[in-house]
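Observations on chain architecture
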Amino acid sequence: MKKVVLAYSGGLDTSCSVQWLRGRNYDVICFIADLGQEEDFVKIEKRALSGGASKVYIKDLRQEFVEDFIFPALKANAIYEGKYLLATALGRPLIAKYLVDVAHKEKAKAVAHGCSGKGNDQVRFEVTTQILDPELEIIAPLRIWEFKSREEEIEYALSKKIPIEVTKKKPYSIDKNLWGVSIESGILENPCRKPPEDCYQWTNSPEHAPSKPVYIEIEFEKGIPKKINGKIYNGIELLKKLNRIGREFGIGRSDLIENRLVGIKSREIYEAPAGTILYLAHKELESLVLDRELSHYKEGVSLKYSELIYYGLWYSPLRIALDKFIAETQKNVTGLVKLKLYKGNCIVSGRKSPYSLYRQGLATYSKGDTFDQRLAQGFIKIFGMPYQNQKSRVSRKSGNQK
Ligand code: ARG
């Protein structure tokens, strides 16, 4: 029997994939990555084994995920199409890295994933696999199997007695990790329909969030969040803590019609409580310590960086080079941001940094003004000069025509 290592989550697609690969005479080894999705891994392992897997690997990748994927994305202010903090997209290259690793350990010649042929995740898994080991064969059961719909797949799972949690009523496809949740399918496919409350996995609805706000303080060192309310946390604990508070206050829901890499527009619901709080806090601190040119230039870099993550090009030379640039920009991103969380809103209420470029003496309209306003006249004359010349060119030209 040929060995294949399958990236396994315990969900509908990967559970059916185990069965399907077994039916094609593969020895299926399941690889489960712990990215902080807080699932019952014992239950998932059992599900894999009872579904026909010969062996299961479970690996806790949370620390690597936070330090080498989430925090670099945070430093870059990575967000896709203004609403998606890229939780799923960031997880895929890391899962693929270890999928390749397990394949090598097991001397397997093939890897498999449970992604469809219409999404971005197939690209992320496969491009990463190709970069890390171009020799490996990649099998994507969903692209070739006989089921025409998710409903048919559910039928198949039921007929094969594969324990699944999706039902025909709640056919959501859900992906979770420490950075957030992605939810799609079912009723959500109608972009005009309000997402039903039962699609949200983590967050309280803003209506049900506490009626009194809470204030939190986050401290960063060189762009990395280190403390909440003065207390030091490691990366994993910090995200868990912010997710807990954010969920209660209904923070970080978004509803996006997104442009997939394969050209399809799709609708996805996201929840990223910790991500939303940190993204906002980090940008606030940057606005205090980065000079205008660097700050504006970095916005363009963020956009490109986000696309690279979304397109599955994490291990590309450009992403790696941009990381060096971003690291340089974070030298002074040290300081504190105060935020108010209230019914789905995360609102900045203050910021400070030892590297602040804000000078009250220059900004003030009150006593203690150190800005010499007389200099402004000359500055504006020279600043506007090129445009005056333009005006005289127009009148010269129309004069010539007469
Ligand atoms: N649209 C998101 C992305 O491309 C999430 C994909 C996975 N979504 C899901 N519900 N399983 O990154």
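As shown above, the structure is provided for reference.
Quick notes on the rules
Residues numbered from 1 in each chain as written. Predicted model: local features only at pLDDT ≥ 70, side-chain atom pairs only at ≥ 80, totals over all residues. Heavy atoms only, no water. Helix = DSSP H or I, 4+ residues; strand = E, 2+ residues; numbered from the N terminus. Contact = heavy atoms within 4.5 Å. Phe/Tyr/Trp six-rings, centres within 6.5 Å; stacked < 30°, edge-to-face > 60°. Buried < 20%, exposed > 50% of the residue type's maximum accessible area, 1.4 Å probe, protein only. Salt bridge = Lys/Arg side-chain N within 4 Å of Asp/Glu carboxyl O. Pairing = 2+ DSSP bridges. Axes fitted to C-alpha atoms, helices over the stretch in contact; angles between N-to-C directions. Expected span 1.5 Å × (residues − 1). Polar contact = N/O pair within 3.5 Å; in protein donor to acceptor, adjacent residues only side chain to side chain.

**Digging into the environment of Lys240**
One can find Lys240 in helix α8 (residues 235-248). Note: C-alpha distance between Lys240 and Pro273 (33 residues apart in sequence) is 9.7 Å. Sequence-distant contacts of Lys240, defined by excluding residues within four places in its chain, comprise Glu38, Arg62 and Leu178.

**Things to note about the environment of Ala281**
Summarising the element assignment, Ala281 is placed in helix α9 (residues 273-289). Sequence separation between Ala281 and Pro191 is 90 residues; the distance between their C-alpha atoms is 30 Å. Apart from residues lying up to four places away in sequence, Ala281 is in contact with Ile218, Phe220, Val337 and Leu339.

**As for the packing of aromatic side chains**
Here the structure, examined in full by the defined rule, presents 12 aromatic pairs. On the basis of an interplanar angle of 70 degrees and a centroid distance of 6.3 Å, the ring pair of Tyr310 and Tyr311 is categorised as edge-to-face. Classification of Tyr311 by relative accessible area gives partly exposed; the value is 26%. Through pairs of rings, three or more aromatic residues link up here, namely Tyr80, Tyr84, Tyr270, Tyr310 and Tyr311.

**Some points on the pattern of salt bridges**
It is possible for side chains of opposite charge to pair when their charged atoms get near one another. By the definition in use, this model includes 26 salt bridges. Note that Arg253 and Glu197 form a salt bridge whose closest N and O atoms lie 2.7 Å from each other. In this pair, Arg253 sits in strand β11 (residues 253-259) while Glu197 sits in the loop between β7 (180-184) and β8 (214-221), placing the two residues 56 residues apart along the sequence. According to the relative accessible area criterion, Arg253 is partly exposed, its value standing at 22%. Relative accessible area serves as the criterion here: at 40%, Glu197 is assigned to the partly exposed category. Linking Arg267 and Asp255 is a salt bridge whose minimum nitrogen-to-oxygen distance equals 2.9 Å.

**Comments concerning the sheet that holds strand β14 (residues 345-352)**
With antiparallel pairing, the five strands of this open sheet are ordered in space as β10-β9-β8-β13-β14. Two strands close off the open sheet at either side, each with one partner strand: β10 (231-232) and β14. Each of β8, β9 (224-228) and β13 (335-342) is contacted by α8, which is oriented at about 65 degrees to β9, the strand it contacts most.

**Quick word on α8**
The end-to-end C-alpha distance of α8 is 20 Å, a good match for the 20 Å that 14 residues give at a rise of 1.5 Å each. Restricting attention to buried positions, one finds in α8 the residues Gly235, Ile236, Leu238, Leu239, Leu242, Asn243, Ile245 and Gly246. Each element contacted by the buried residues of α8 is listed here: α3 (62-75), β8, β9, α9 and β13. Near the N-terminus of α8, the side chain that reaches the backbone nitrogen of Ile236, with its oxygen 3.1 Å away, is that of Asn234.

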